[in-house]
Amino acid sequence: MHKKSISQKNTLFIIGLMFFLIGMAFVVAGLLTWRANVEFFETALPTDATIVDIQTYRDSDDDVSHSVFVDYTVDGVEYEYRELGMYSSSMYIGKTVEIYYDPQDPGDIKSKTGSTLIAVIFVAIGGIFAVIGGVILGVQIKAKRKTKLKDTGTCIRLPITQIVTTNTSVNGVTGHVVICDNPDASGGTLNTYRSNPCYEWLTDYLNPGDIVAIYYDPANPNYYYVDIDDVQKVPDWPDSSVES
């Protein structure tokens, strides 16, 4: 169980790190694209171009993509079949569109709308991935910090009061949270300790009544860690308190 738990935590950490890095790569690519576009349009000049071809194809994921080709003239020189680098559903062969070209290299063209859209899409997608990855990393880092309480905190052992399911799942396994209640003799209140979500079949080997170790910081009792890997089994405990 301990090895499974460590492997699971490492997997979630790696997934979070990958999401974050991929997201940041998209954000950086989007910002670089935006910067390049700003520099391009500072000196670019507009002209009209005619759409001469629209090619439609499917990529490896079976998604439909389009390539648009245009003809245009700059200072009496004709430039034929130049790829525009953007597409919209309003485009059709024969339509006149406004493009921008580099005066130093008239063959280098961009569409102002398309160039801005690409940068925005990259930043938006990257931002979503980075946020998801950051949340996963934050949860895992927080969990790793809590496990350090095993070396520095005070340990108590309490029976499991209930095992509840979460609203999330990993690899088809619904998350479970172990809950332990402990009466506070000094204040007459009830302290409740909740474990980190665990995406294993906890109910296959844990039951209410089993004793688990709980580590807490004496200077801050609200900072604790429920160690579901350190269990003392109590046989023949009823399963009726396992909740969904």
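Residues numbered from 1 in each chain as written. Predicted model: local features only at pLDDT ≥ 70, side-chain atom pairs only at ≥ 80, totals over all residues. Heavy atoms only, no water.

### Here's the deal with the pairing of strand 11 (residues 220-232)
As paired strands, strand 10 (residues 211-217) and strand 11 are joined by seven bridges and run antiparallel to one another. Counted as the bridge partner of Tyr-215 is Tyr-225 from strand 11. Connecting strand 10 to the next strand, strand 11, in antiparallel fashion are two residues. (Pairing = 2+ DSSP bridges. Helix = DSSP H or I, 4+ residues; strand = E, 2+ residues; numbered from the N terminus.)

### Here's the deal with the sheet that holds strand 2 (residues 64-74)
Strand order in the open sheet made by the five strands is 3-2-1-4-5, with antiparallel pairing throughout. In this open sheet, the two strands that pair with only one neighbour each are strand 3 (77-83) and strand 5 (105-110). Neighbour to neighbour, the strand axes of the sheet diverge by 40° on average, direction disregarded. Relative to strand 4 (residues 96-102), strand 1 (residues 45-58) is paired through six bridges, and the arrangement is antiparallel. If you follow Leu-45 over to strand 4, its bridge partner there is Tyr-101. (Axes fitted to C-alpha atoms, helices over the stretch in contact; angles between N-to-C directions.)

### Section: the sheet that holds strand 6 (residues 154-159)
Taking strand neighbours across the sheet as the criterion, the three strands line up as 6-10-11 in an open arrangement whose pairing is antiparallel. A single partner strand is all that each edge strand has here, and the edge strands are strand 6 and strand 11. If you compare each strand with its neighbour and ignore which way they point, the axes differ by 30° on average.

### What to know about the packing of aromatic side chains
Per the stated rule, a full pass over the model turns up seven aromatic pairs. On the numbers, 5.2 Å between centres and 10° between planes, the contact of Tyr-72 with Tyr-79 is stacked. We classify Tyr-79 as buried; its relative accessible area is 15%. Ring pairs connect the aromatic residues Phe-40, Phe-41 and Tyr-100, which therefore count as one cluster. The side chain of Lys-110 reaches across the aromatic face of Phe-40, ending 5.4 Å from its centre. (Phe/Tyr/Trp six-rings, centres within 6.5 Å; stacked < 30°, edge-to-face > 60°. Buried < 20%, exposed > 50% of the residue type's maximum accessible area, 1.4 Å probe, protein only. Lys NZ or Arg CZ within 6 Å of the ring centre and 35° of its normal.)

### What to know about the pattern of salt bridges
Enumeration over the complete set of coordinates arrives at three salt bridges. Across the pair Lys-150 and Asp-227 runs a salt bridge, and its minimum N-O distance is 3.1 Å. Remark: Asp-227 occurs in strand 11 and Lys-150 occurs in helix 3 (residues 149-152); sequence separation between them is 77 residues. Here Lys-150 falls in the partly exposed class, since its relative accessible area comes to 36%. (Salt bridge = Lys/Arg side-chain N within 4 Å of Asp/Glu carboxyl O.)

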